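A structural walkthrough
Residue-level listing of the chains:
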Amino acid sequence: MSNNIIITLPDGAKREYAAGVTPMDVAMTISEGLARNVLSAKVNGKTVEVSTPITAHAHLTLFTWNDKEGKTAFWHSSAHVLAQTLEHLYPGVKLTIGPAIENGFYYDVDLPAGKVISDNDFPVIEQKFLEFAREKAEFSMKPVSKDDALKLYKDAGNEFKVELIENLTDGDITFCDHSNFTDLCRGGHIPNTGFIKAIKIMNVAGAYWRGDEKKKQLTRVYGISFPKDKDLKEYLVLLEEAKKRDHRKLGKELELFTFSQKVGQGLPLWLPKGAALRRRLENFLQKQQVEAGYEMVITPHIGSKELYITSGHYAKYGKDSFQPICTPAEGEEFLLKPMNCPHHCEIYKFKPRSYKDLPVRLAEFGTVYRYEQSGELHGLTRVRGFTQDDAHIFCRPDQVKEEFVKVIDLVLYVLNALHFNDFTAQISLRDPSDKEKYIGSDENWAKAEAAIVEAVGERDIKTVTEYGEAAFYGPKLDFMVKDAIGRSWQLGTIQVDYNLPDRFELEYVGSDNAKHRPVMIHRAPFGSMERFVAVLLEHCAGKFPLWLTPEQAVVLPISDKYNEDAKQVLRLLNNHDIRGLVDERSEKIGKKIRDAELRKVPYMLILGEQEAKSGKLSVRKQGEGDLGSFTIEEFATFINEAIAADLN
RNA sequence: GCCGGUGUAGCUCAGUUGGCCAGAGCAGCUGAUUUGUAAUCAGCUGGCCGGGGGUUCGAAUCCCUCCACCGGCUCCA
């Protein structure tokens, strides 16, 4: 009678089985298709192989390729096969770790002296990998004692595995076998290697043992595998699409920005079209900010080292700043501004503040400079000089929530106007079990955290809450945005700060005539102008929203005869606040259209004999084609209504 | 900073077992053409082959070094 156990499935259904049933057995009783596709399982929260017997009542979840957990098991298993392949192709290689990652997996290995893996070796690795995979070798786990495990790897001279095992508890150590290959492993595999039908070695890179740059550098081989050849092809298409959208490529093609070796790496040069676009973004935000009660300030590009010692940035980020600049006579030291907030604190202190003055909201498009290691630089997303759409709100503790709501509304407005429709707000709170590492009183933290949670609750947005992700100086809210091809970016941020008001001894006089400390809120809806433009460029693939795009329309005369008419049309459009150009070259209309299409100009206005007679324009939309005839007024109304829809 | 890769005209790229003056397409310039919804034709200009050093009778090509760019160095058996 006690031989039977109850298995509870995720939908709450309860089924009865004989003790010792495996997840695979259960899958078979549900459906044949599921049994064919099931890759791994979770029994009472623990990831197991589908062949692991279940001996007692349990909650069971089955995973296929469509589940994150299924992919993880798939890629984890693939890492084993990669290890097997590398061991086969590079005798004497020392295996270290090889986890599944977001897109695929990697394996870190210590190659024998003199051996190097480069791109040319990928096909060989892929081929051998598939040979092994086709063996359909089953993965099987076996427990091993710590002594035996240590002995095995000591004999093999693999100091990395030895180090790993030394940190494990005896009785808790398992090996995984498949084919004739064995690796230290804690489990979570697919049934056999035969499920892996497609593999691509993506790249090879150096990686430090345990991520520590003082330790030995290993060779990391990245790969991604799939259960169907078709899946791999689709993935490669997606990568191609990402490549086409690369902001560095589009930035060059659309003449938005460039870099110069001579100016210095990581220092972007904004070209006229890019600068105009950025200015439009700044004006757009600034207009909203003025309406929301912000006051613009301007502060210099350098500041005394003392300023940053006071703020604490020098102690924490001194190493990440450029070397101080010294005045020749007095030997005073200045730093290139790495942060705007200390300057804004000094502006707050310019005069005594009353509780009636708060909140004080100081905003600045402030350019800052940070020393990023040369290998960290990347297009516009990681640079050494960039401009933050920075503002600091100095308010009373009881105003935090209201201010937060206002900032959230500002961020939502910005995201909407730029066609970012898929985003999540991440609330980062204190780690409740380790309150020591945070500055500020318990009471203030509780108040601020509650304020953020409540503020987010007042708006209808997707939210996740992360404990322990708060900054040491306060909780924060970050906006994680998904772009058009599904990649996630962190954009806007709102952070509460108790630290700087203390360090700068900021005060206001309360209604009780006593001095109080204000709370500071840092916020940047874009984050940095450089990074934001990069993300936006990749999101929209260079086709910016109409209100932002460099040229909204280009007038294309059919022949030189209509050039003057075209210029007149452009003047009329300019009067309606529409910007554009006339293509006056003596090219055929097909060529003019092609060039405008490639420049991603949203509207092409064709002007020839018919139009000259009828007083209308033939309108063509980029990427779509002919829209028919419009009078200038009709077109202007059409454009301005489309823009208004974005901005309201 | 470290590992691997790359660097040839404004752009995209060919040329590398060392060997005549380093090539193409696009862009640019000049001229012809006066055009109806994604490339009109012809001619011309344009390069210290990333910088420096070396090997050699001879280097874009081989070696050393520096610089920049690309991918990674966070994902933990």
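**Digging into the sheet that holds strand β24 (residues 476-482)**
Across the sheet, eight strands lie side by side as β16-β20-β21-β28-β25-β24-β22-β23; this open sheet has mixed pairing. At either margin of the open sheet sits one strand with a lone partner, and together these are β16 (295-296) and β23 (463-467). Sheet topology note: the strand β22 (residues 422-429)/β23 ladder contains five bridges and is parallel. Counterpart to Ala-425 in the pairing with β23 is Thr-463. Here helix α13 (residues 400-417) sits on the sheet and contacts β21 (385-395), β22, β24, β25 (488-497) and β28 (519-524); the angle it forms with β25, its principal contact strand, is near 160°.

**Overview of unusual backbone geometry**
Note that the residue after Leu-358, namely Pro-359, is joined by a cis bond; omega there is -5°. Examined against the element boundaries, Pro-359 turns out to sit in the loop between α12 (341-348) and β20 (360-369). Here Asp-577, not a glycine, exhibits a phi torsion of approximately 65°, which is positive. Among the residues examined, Asp-577 registers 11 C-beta atoms within 10 Å and is labelled exposed.

**Section: the sheet that holds strand β3 (residues 40-43)**
Strand order in this open sheet of five strands is β2-β1-β5-β3-β4, and the pairing throughout is mixed. Two strands in the sheet have a free side with no partner beyond their single neighbour: β2 (14-18) and β4 (46-48). Going from strand to strand, the sheet's axes swing by 35° on average, the running direction of each strand aside. Across the sheet, helix α1 (residues 23-30) is in contact with β1 (4-8), β2, β3 and β5 (58-63); its angle to β5 comes to roughly 75°.

**Here's the deal with the protein's contact with RNA strand B**
Taken together, 62 residues sit near RNA strand B, with Gly-206, Gly-211, Gly-375, Ser-559 and Gly-608 positioned nearest. Put simply, the parts of the chain that give the surface near RNA strand B at least two residues each are β12 (198-208), β13 (217-226), α18 (589-598), α19 (609-614), β32 (617-621) and β33 (625-630). Here the surface near RNA strand B gets seven residues from one element, more than from any other, and that element is α18. Its residues assigned to classes, the surface near RNA strand B comprises 20 nonpolar, 22 polar and 20 charged.

**Section: the domain arrangement of chain A**
You can read the domains of chain A as domain 1 (4-64), domain 2 (69-241), domain 3 (257-297 + 340-540), domain 4 (300-337) and domain 5 (553-647). If you average the C-alpha positions of domain 1 and of domain 2, the two centres end up 27 Å apart. Each side of the interface is counted separately: domain 1 has 10 residues, and domain 2 has 12 residues. Residues belonging to the side of domain 1 that touches domain 2 are distributed by class as follows: four nonpolar, four polar and two charged.

How each quantity is defined
- Residues numbered from 1 in each chain as written.
- Chains lettered and ligands numbered in written order.
- Predicted model: local features only at pLDDT ≥ 70, side-chain atom pairs only at ≥ 80, totals over all residues.
- Pairing = 2+ DSSP bridges.
- Helix = DSSP H or I, 4+ residues; strand = E, 2+ residues; numbered from the N terminus.
- Contact = placed C-beta atoms within 7 Å.
- Axes fitted to C-alpha atoms, helices over the stretch in contact; angles between N-to-C directions.
- Buried ≥ 20, exposed ≤ 12 C-beta atoms within 10 Å, placed from the backbone.
- Near = placed C-beta within 6 Å.
- Nonpolar A, V, L, I, M, F, W, Y, C, P; charged D, E, K, R; others polar.
- Domains from an automatic or database assignment.

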